[in-house]
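# Remarks on the overall topology
Residues per chain are reported as follows:
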Amino acid sequence: MDTLETPRLLLRPLTADDTAFIIELLNDPSFIQNIGQRNVHTDEEARTYITNAALNSYAKNGFGLAAVVIKETGEVTGMCGLIRRDTLPDVDLGYAFLPRYWGKGYAVESAQAWLKFGWDKAGLTRVVAIVDPANEPSVRVLEKLGFVFEKMVRLAADDIELRLFATENAEKKNRS
Ligand SMILES: CC(C)(COP(=O)(O)OP(=O)(O)OC[C@H]1O[C@@H](n2cnc3c(N)ncnc32)[C@H](O)[C@@H]1OP(=O)(O)O)[C@@H](O)C(=O)NCCC(=O)NCCS
């Protein structure tokens, strides 16, 4: 998978060396509340998560969740990427950041780079995002990115209803 670059950030592939970061992020209360309990507590569980959630996707799709790194300091702030799920017809955008890096525009900046990659390199025409209705900060990020609310969805029969947002490649739309 490519490393993407923005003015302040590098979006690089996750590796087996990112276990400490993954354990911290996946056990943050904001991650558990808004995304879910992944039960990743040990180095081994983190390596398995990195393989299943990221490396397998890089190999299959050429994209996936990337580590979002501040160029100047090398700090890993969160992860962001495009995800192809069996449960959704469209590729979706996912992101989560450690709370100490919130409010600095990193979610918007990294997601913009992934959308550009989606349109220009992966040939996508539409990207969706699914959000817990209570997750206002995430809805703000999506609206800044130009996503529009479409409908409520349930990814599994026993899941709560989530809000599905979508955005389309503006250039393709204008040509058609
Ligand atoms: C959702 C989440 C990623 C949002 O993170 P965030 O840090 O608020 O996102 P950003 O900073 O990129 O953008 C939002 C805010 O930063 C501000 N911002 C943008 N550029 C900035 C800059 N250069 N300096 C300071 N602030 C900036 C924006 O104005 C915006 O604030 P506003 O909405 O009050 O106007 C974060 O809350 C999170 O990780 N939550 C837990 C996981 C999660 O819910 N993931 C989403 C699942 S759908």
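Residue numbers here run from 1 along each chain, matching the order of that chain's written sequence. The model is predicted, so local features are restricted to residues of pLDDT at least 70 and side-chain atom pairs to those at 80 or more, both for listing and for counting; the totals for chains, interfaces and linings are taken over all residues. Each side-chain value is derived from all of the structure's non-hydrogen atoms; neither hydrogens nor water enter the calculation.

### Some details on the environment of Leu-4
Selection rule: A run of H or I in DSSP counts as a helix once it spans at least four residues, and a run of E counts as a strand once it spans at least two, with each numbered from the N terminus. The criterion used for residue contact is that any of the two residues' heavy atoms lie within 4.5 Å.
Within the secondary structure, Leu-4 is located in strand β1 (residues 4-5). Counting along the chain gives 68 residues from Leu-4 to Glu-72, while the straight-line C-alpha distance between them is 15 Å. In this structure Leu-4 touches Leu-9, Leu-10, Leu-11, Ala-113, Trp-114 and Phe-117, once residues within four positions along its chain are discounted.

### Structural notes on the site of the ligand
For the record, the criterion: Only heavy atoms are used to decide nearness, and a residue is near a molecule or strand if one of them lies within 4 Å of it. We call two N or O atoms a polar contact when they sit within 3.5 Å, provided that within protein one can donate a hydrogen and the other can accept it, with sequence-adjacent residues counted only if both atoms are side-chain atoms. Residue-level accessible areas treat just the shown protein chains as cover; the underlying method is Shrake-Rupley with a 1.4 Å probe. Residues are grouped as follows: Ala, Val, Leu, Ile, Met, Phe, Trp, Tyr, Cys and Pro are nonpolar; Asp, Glu, Lys and Arg are charged; every other residue, Gly included, is polar.
Tyr-95, Gly-103, Gly-105, Asn-135 and Arg-140 are the nearest of the 21 residues found near the ligand. Contacts to the ligand include Ala-107, whose backbone N or O atom sits 2.9 Å from an oxygen atom. Contacts to the ligand include Arg-140, whose side-chain N or O atom sits 2.3 Å from an oxygen atom. When isolated, the ligand has an accessible area of 950 Å², and the protein chains bury 73% of it. Counting only elements with at least two residues in the shell around the ligand, the list comes to α2 (29-34), β5 (91-97), α4 (106-120) and α5 (136-145). Per-element accounting of the shell around the ligand gives the leading share, five residues, to α5. The class makeup of the residues in the shell around the ligand is 11 nonpolar, six polar and four charged.

### Quick notes on helix α1 (residues 19-26)
Going by this rule: Note on exposure labels: buried denotes an accessible area under 20% of the residue type's maximum, exposed denotes more than 50%, and partly exposed covers the range between, all computed with a 1.4 Å probe on protein chains only.
Counting buried residues in α1 gives six out of eight residues, a clear majority hidden from the surface. Among the residues of α1, those classed as buried are Thr-19, Phe-21, Ile-22, Ile-23, Leu-25 and Leu-26. Structurally, α1 contributes buried residues whose contacts are with α2, α3 (43-61), β4 (76-83) and β5.

### Quick word on the packing of aromatic side chains
Put simply, the test is: Classification of ring pairs uses Phe, Tyr and Trp, with its six-membered ring standing for Trp, and accepts pairs whose centres are within 6.5 Å; under 30 degrees between planes counts as stacked, over 60 as edge-to-face, and the remaining range as tilted.
Following the criterion strictly, the structure yields two aromatic pairs and no others. Between Trp-114 and Phe-117 the ring centres are 5.2 Å apart and the planes differ by 75°, which places this aromatic pair in the edge-to-face class. Taken as a pair, Trp-114 and Phe-117 lie in helix α4 at a separation of three residues, close to a single helical turn. Like Trp-114, the residue Phe-117 is buried in the burial classification. Geometrically, the ring pair formed by Phe-149 and Phe-165 is edge-to-face, given 5.7 Å between the ring centres and 70° between the ring planes. Placement of Phe-149 in strand β7 (residues 148-153) and of Phe-165 in strand β8 (residues 162-168) is noted, with a sequence separation of 16 residues between them.

### So, the pattern of salt bridges
In plain terms, the rule: A carboxyl oxygen of Asp or Glu within 4 Å of a side-chain nitrogen of Lys or Arg is what we treat as a salt bridge.
One pass over the structure, following the stated rule, counts nine salt bridges. Between Arg-126 and Glu-150 there is a salt bridge, with the nearest N and O atoms lying 2.9 Å from each other. Taken as a pair, Arg-126 in strand β6 (residues 126-131) and Glu-150 in strand β7 lie far apart in primary sequence, 24 residues in all. The exposure class of Arg-126 is partly exposed, given its relative accessible area of 21%.

### Focus: unusual backbone geometry
Excluding glycine, residues mostly have negative phi values, and the peptide bonds linking residues are mostly trans. In the Ramachandran plot, Asn-39 falls in the positive-phi region, its phi being about 55° despite a non-glycine side chain. Along the polypeptide, Asn-39 turns up in the loop between α2 and α3. Given a relative accessible area of 48%, Asn-39 falls into the partly exposed group.

### Topic: the sheet that holds β6
What counts, and what does not: DSSP bridges decide pairing: two strands pair if at least two such bridges lie between them. All axes are obtained by fitting lines to C-alpha atoms, using only the stretch in contact for helices, and the reported angles, taken between N-to-C directions, cover 0 to 180 degrees.
Here we have eight strands laid out as an open sheet, ordered β1-β2-β3-β4-β5-β6-β8-β7, and mixed in their pairing. Each edge of the open sheet is held by one strand with a lone partner, namely β1 and β7. When β6 meets β8, the two strands line up antiparallel, connected through six bridges. Looking across to β8, one finds that Ala-129 is bridged to Phe-165. Together, β4 and β5 form the strand contacts of α1, whose direction differs from that of β4 by roughly 80°.

### Overview of the nonpolar core
Short version of the rule: In plain words, nonpolar cores are sets of buried Ala, Val, Leu, Ile, Met, Phe, Trp, Tyr and Cys residues tied together by side-chain atoms within 4.5 Å.
Counting 54 residues, the largest nonpolar core has Leu-14, Ile-22, Met-79, Leu-82, Leu-93, Trp-114 and Phe-147 as the members making the most contacts within it. When residues in this core are grouped by element, the largest group, nine residues, is from α4. Every residue in contact with Leu-14, bar those within four places of it in the chain, is listed here: Phe-21, Ile-22, Ile-50, Ala-54, Leu-55, Tyr-58, Leu-65, Ala-66, Ala-67 and Met-79. Ranked by size, the runner-up nonpolar core spans seven residues in total, among them Leu-88, Val-128, Val-153 and Ala-166.

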